[in-house]
Amino acid sequence: KKGVHKIRLVKLNEWMRNTMELQSIMIEGQLTGTKPQEKELKLEFYGDSLTVGYGNLTTGTNKGGWQYQDGYRTYAAYCANELGAEFSTVAASGHGVTAGFSDKSQTWDKFAGYSLVSSQTSWDFDAYQADVVVVNLGANDETYYNRTQNPAISDADFKAACQTFLDWIRSNNPDCEIVWALGSHSVSDSEKIKPIKVLKELDAELDYLHFTQFDLKLSGGDSHPSVADHEKAGLQLAEYLKTEILK
């Protein structure tokens, strides 16, 4: 119908599932030429399948396909919407800090820093400077090292790897606060890897790092969070940011 309309284009699934290219838009009418007003608060989220929304649209097993995930109904999106913030999600299923779900090559540097991973196109950090960066990585590291056939990782080695990642984030967003927010019932310290212990130690050492855990249930597909789980976790994280970081 006649009037002024706003169009929002959102790609809902992660880059590993498929890529999207916008070539043209056809409209009946005129573009106003006005740029949407930027929101004051900018958030960025780094994570794995918990952050991309893997399996959040369904239940049961073998539900990891593109049609079962909605990246706009994740804890990151709900958190940002609750705070009235812009947000950017940089995440890939199965990846971690030092190892991924399947093997040690699935690490954060394989996807972070790119606007298009397949062509290694670099992301322009100058165009988007985050005020708060939220990291939710570590679940896949724990899964990898806790398998019987895989060796343990020392606290020192895991700490050094986390510090390298944090330094990289800080170098690209020099004024940001960083929240490492583990969100999965499965993440805990064991004899072979101690992510919680290490991150708490880093929290005490770095004035810009804040470690917390939030309650992310696993009632969606392939034992991942559902949309309802993500909404609850996003509101919980938003409250943490309001009271601890943005106060």
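The sections below set out a description of the structure shown in this document. (Residues numbered from 1 in each chain as written. Predicted model: local features only at pLDDT ≥ 70, side-chain atom pairs only at ≥ 80, totals over all residues. Heavy atoms only, no water.)

## Considerations on the overall build of the protein chain
Scanning the protein chain from terminus to terminus reveals six helices and seven strands. In sequence order, the secondary structure elements of the protein chain are arranged as β-α-α-β-β-β-β-α-α-β-α-β-α. For 247 residues, the compact-globule estimate of 2.2 N^0.38 gives 18 Å, and the C-alpha radius of gyration of the protein chain, at 19 Å, lies within 12% of that figure. The principal-axis extent of the C-alpha atoms belonging to the protein chain is close to 65 × 40 × 35 Å. Counting across all 247 residues of the protein chain, residues that qualify as buried make up 47%. (Helix = DSSP H or I, 4+ residues; strand = E, 2+ residues; numbered from the N terminus. Rg over C-alpha atoms; globule rule 2.2 N^0.38 Å. Buried < 20%, exposed > 50% of the residue type's maximum accessible area, 1.4 Å probe, protein only.)

## Quick word on the sheet that holds strand E5 (residues 132–136)
Sheet strands pair via backbone hydrogen bonds, and the direction of the pair is either parallel or antiparallel. Read across the sheet, five strands follow the order E2-E1-E5-E6-E7 without closing on themselves; strand pairing throughout is parallel. Pairing within the sheet leaves two strands with one partner each, and these edge strands are strand E2 (86–91) and strand E7 (209–213). Direction aside, neighbouring strands of the sheet carry axes that sit 20° apart on average. Bridge analysis of strand E6 (residues 177–182) against E7 gives five bridges, and the strand direction is parallel. Following the sheet pairing, Val 179 is matched in E7 by His 210. Helix H2 (residues 75–83) contacts strand E1 (42–47), E2 and E5 of the sheet and is inclined by roughly 165° relative to E1. Contacts from helix H5 (residues 195–205) reach E6 and E7 within the one sheet, and its direction differs from that of E7 by about 145°. (Pairing = 2+ DSSP bridges. Axes fitted to C-alpha atoms, helices over the stretch in contact; angles between N-to-C directions. Contact = heavy atoms within 4.5 Å.)

## Considerations on the side chain of Glu 142
By the element assignment, Glu 142 lies in helix H3 (residues 139–145). Although Glu 142 lies buried, it forms no salt bridge, and the closest oppositely charged side chain, Arg 147, sits 11 Å away as judged by the N-O distance. From its side chain, Glu 142 meets the backbone nitrogen of Ser 188 in a polar contact 2.9 Å long. Not counting chain neighbours up to four residues away, the residues in contact with Glu 142 comprise Ser 186, Val 187, Ser 188 and Ile 193. (Lys, Arg positive; Asp, Glu negative; His and termini not counted. Salt bridge = Lys/Arg side-chain N within 4 Å of Asp/Glu carboxyl O. Polar contact = N/O pair within 3.5 Å; in protein donor to acceptor, adjacent residues only side chain to side chain.)

## Here we look at the nonpolar core
Ranked by size, the top nonpolar core spans 39 residues in total, and within it Tyr 46, Val 135, Ile 178 and Trp 180 carry the most contacts. Elements represented by at least two residues in this core include exactly E5, H3, helix H4 (155–172), E6, H5 and E7. If you tally residues by element for this core, the top one is H4, at six residues. Beyond its immediate chain neighbours, meaning those up to four positions away, Ile 178 contacts Val 133, Val 135, Leu 166, Ile 169, Tyr 208, Leu 209 and His 210. By size, the runner-up hydrophobic cluster in this structure holds 21 residues, among which are Leu 41, Ala 76, Leu 83 and Ile 245. (Core = buried A, V, L, I, M, F, W, Y, C linked by side-chain atoms within 4.5 Å.)

## Brief notes about the packing of aromatic side chains
By the definition in use, this model includes 12 aromatic pairs. Geometrically, the ring pair formed by Tyr 144 and Tyr 145 is edge-to-face, given 5.1 Å between the ring centres and 90° between the ring planes. Like Tyr 145, Tyr 144 is buried. Connected via pairs of aromatic rings, a cluster forms that spans Tyr 46, Trp 108, Phe 125, Phe 165, Trp 168 and Trp 180. (Phe/Tyr/Trp six-rings, centres within 6.5 Å; stacked < 30°, edge-to-face > 60°.)

## Remarks on the packing of H2 against helix H6 (residues 227–245)
The geometry of H2 relative to H6 is characterised by a closest axis approach of 7 Å and an angle of 45° between their N-to-C directions. Judged by the inter-axis angle, H2 sits oblique to H6. Read as a crossing pair, H2 and H6 show a hand that is right-handed. On H6, the residues touching Tyr 75, Tyr 78, Cys 79, Glu 82 and Leu 83 of H2 are Val 227, His 230, Glu 231, Ala 233, Gly 234, Leu 235, Leu 237, Ala 238, Leu 241 and Lys 242. (Parallel < 35°, antiparallel > 145°, perpendicular 65-115°, else oblique. Left-handed = near helix turned anticlockwise from the far one by under 90°.)

## Quick notes on H4
Its 18 residues place the ends of H4 26 Å apart at the C-alpha level, agreeing with the 26 Å of an ideal helix rising 1.5 Å per residue. Within H4, burial applies to Phe 158, Ala 161, Cys 162, Phe 165, Leu 166, Ile 169 and Asn 172. Along the long axis of H4, the arc covered by the buried residues comes to 135°, so they all point the same way. Across H4 from its buried face, at more than 90 degrees, point the exposed residues Ala 156 and Ser 171. (Expected span 1.5 Å × (residues − 1). Arc of directions from axis to C-beta.)

## Quick word on the environment of Asp 207
Examined against the element boundaries, Asp 207 turns out to sit in the loop between H5 and E7. With relative accessibility at 67%, the residue Asp 207 sits in the exposed group. On a C-alpha basis, the gap between Asp 207 and Glu 177 in space is 8.7 Å, while along the polypeptide they are 30 residues apart.

It is worth stressing that arrangement in space is one thing and function is another; only the former is reported here.
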